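This is what each chain is made of:
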Amino acid sequence: MFAGVAWMVLRRVAGAGTGLSEAVWERAGKLPFFGTMANAVLHIVVVGLGATLGREGAPKEAGAAMASRLSDFFGLPVRQRRLLVACGAGAGMAVYNVPLGGALFALEVLLGTLSLSLVLPALATSAIATAVSWLVLPDRPTYQVPHYAVSAPQVVWAVLVGPLAGVVGVGYIRLIAWAKGHTPQGWRLVISTTVVFSAIGCVAVVYPEVLGNGKDVAQFAFVDQFGLPLLGVLMVIRPLATASCLRGGAAGGLFTPTLAFGALAGGFLGHVWSVLWPGAPVASYAMIGAAAMLAAAMQAPLASIALVIELTGNELTLMVPVLVAVAGATLVCRALDDRSVYSAPLRPHHDDPQVEAPA
């Protein structure tokens, strides 16, 4: 009930609730500063309470809100404001010790372009954010993953699973779009969030792994700590729980839940594949699956590869199967639906120009 009341007040009084993609493309990069910052804090609180959403949404929104406020102060034109807001969000992502991934997130996901003139500011802001974060945060990968050598079973598996991840990614994107498109307003928000969070709490009595953003779940999948039955259950109930939180009116990040979904699905299919063709660590399939699902759901193959590598500290030994799976997932997903989990709720923008380089 607390979360529902807080979101109702923030959205009615402070103008919170504007998504980053919506701010970049539909609001000329404008975000309400105090409402967005308060919303970011609420993200962290709600994830701590067990919501199946990502807490990375908080630093991304905070970075974007500060960039929007600076754009107001300096009176920047729309194209520069959009660029600065996207870079601010990417810098917020970069504090997780992923400077390249944060920059590519800003470019591929939020701006939809890899123009050379935009790459430099994105890289600079992400690098600065990462360096500053080292003053208070540990300089180590988010996920502790052992070295996994590459082998033929992984490459063949990636060829087969990449397109499958693309199809699943389309369903996931449409599920998230539907959930975001049917969020309640006003007093209904209080009721719906209370009902949804209570239902997730009931499920958590049997499957406590459903709670939270999915970081611990992904970590366990990356080191093969889940059996096949539990992997199968979690890869179904976790994305449904995420969509339920959004449908109930909650707000939060989607990156970590999507990463966890891909890791669980990859681990499940990896267990099955290892019976047919043993020889590779089962946990390595979870990493490949995580990259493929991220690529499909975010429509950002380069950002997905960079983020998985940086988050796990992978030594590039799995690069070939990761590239194969990511390519297959992205091609199939884009052929069926060119939206991402971030852009799906937006209205079509057939006539919108790409973000231009700053003058």
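Residues numbered from 1 in each chain as written. Predicted model: local features only at pLDDT ≥ 70, side-chain atom pairs only at ≥ 80, totals over all residues. Heavy atoms only, no water.

On to a nonpolar patch on the surface, then. A contiguous nonpolar surface patch, about 720 Å² in accessible area, is contributed by Val 156, Val 159, Leu 160, Leu 228, Val 272, Val 275, Leu 276 and Trp 277. Going through the elements one at a time, helix H8 (152-181) and helix H12 (255-276) are the ones with two or more residues in the nonpolar patch. Tracing the backbone through its elements, the reader meets Leu 276 in helix H12. (Patch = residues over 30% accessible without salt bridge, like charges linked within 9 Å, V, L, I, M, F, W, Y side chains within 5 Å. Areas by Shrake-Rupley, 256 points an atom, 1.4 Å probe, with all protein chains shown as cover. Salt bridge = Lys/Arg side-chain N within 4 Å of Asp/Glu carboxyl O. Helix = DSSP H or I, 4+ residues; strand = E, 2+ residues; numbered from the N terminus.)

What follows covers the packing of aromatic side chains. Aromatic rings in a pair are described by how distant their centres are and how their planes are angled relative to each other. In total, this model carries eight aromatic pairs according to the counting rule given. Here Tyr 172 and Phe 261 contribute two aromatic rings whose centre-to-centre distance is 5.3 Å and whose plane-to-plane angle is 45°, an arrangement assigned as tilted. Residue Tyr 172 is found in helix H8, and its partner Phe 261 is found in helix H12; the two are separated by 89 residues along the sequence. The class for Phe 261 is buried, based on a relative accessible area of 9%. (Phe/Tyr/Trp six-rings, centres within 6.5 Å; stacked < 30°, edge-to-face > 60°. Buried < 20%, exposed > 50% of the residue type's maximum accessible area, 1.4 Å probe, protein only.)

The next subject is the pattern of salt bridges. Counted according to the given criterion, the structure contains five salt bridges. Note that Arg 339 is salt-bridged to Asp 337, the shortest N-O span being 2.9 Å. Classification of Asp 337 by relative accessible area gives buried; the value is 8%. One network of salt bridges, in which partners are shared, links Lys 30, Asp 72 and Arg 81.

Taking 1.5 Å per residue, 22 residues should reach 32 Å; H12 reaches 31 Å between its end C-alpha atoms and fits that length. Among the 22 residues in H12, 17 count as buried, and that is most of the element. (Expected span 1.5 Å × (residues − 1).)

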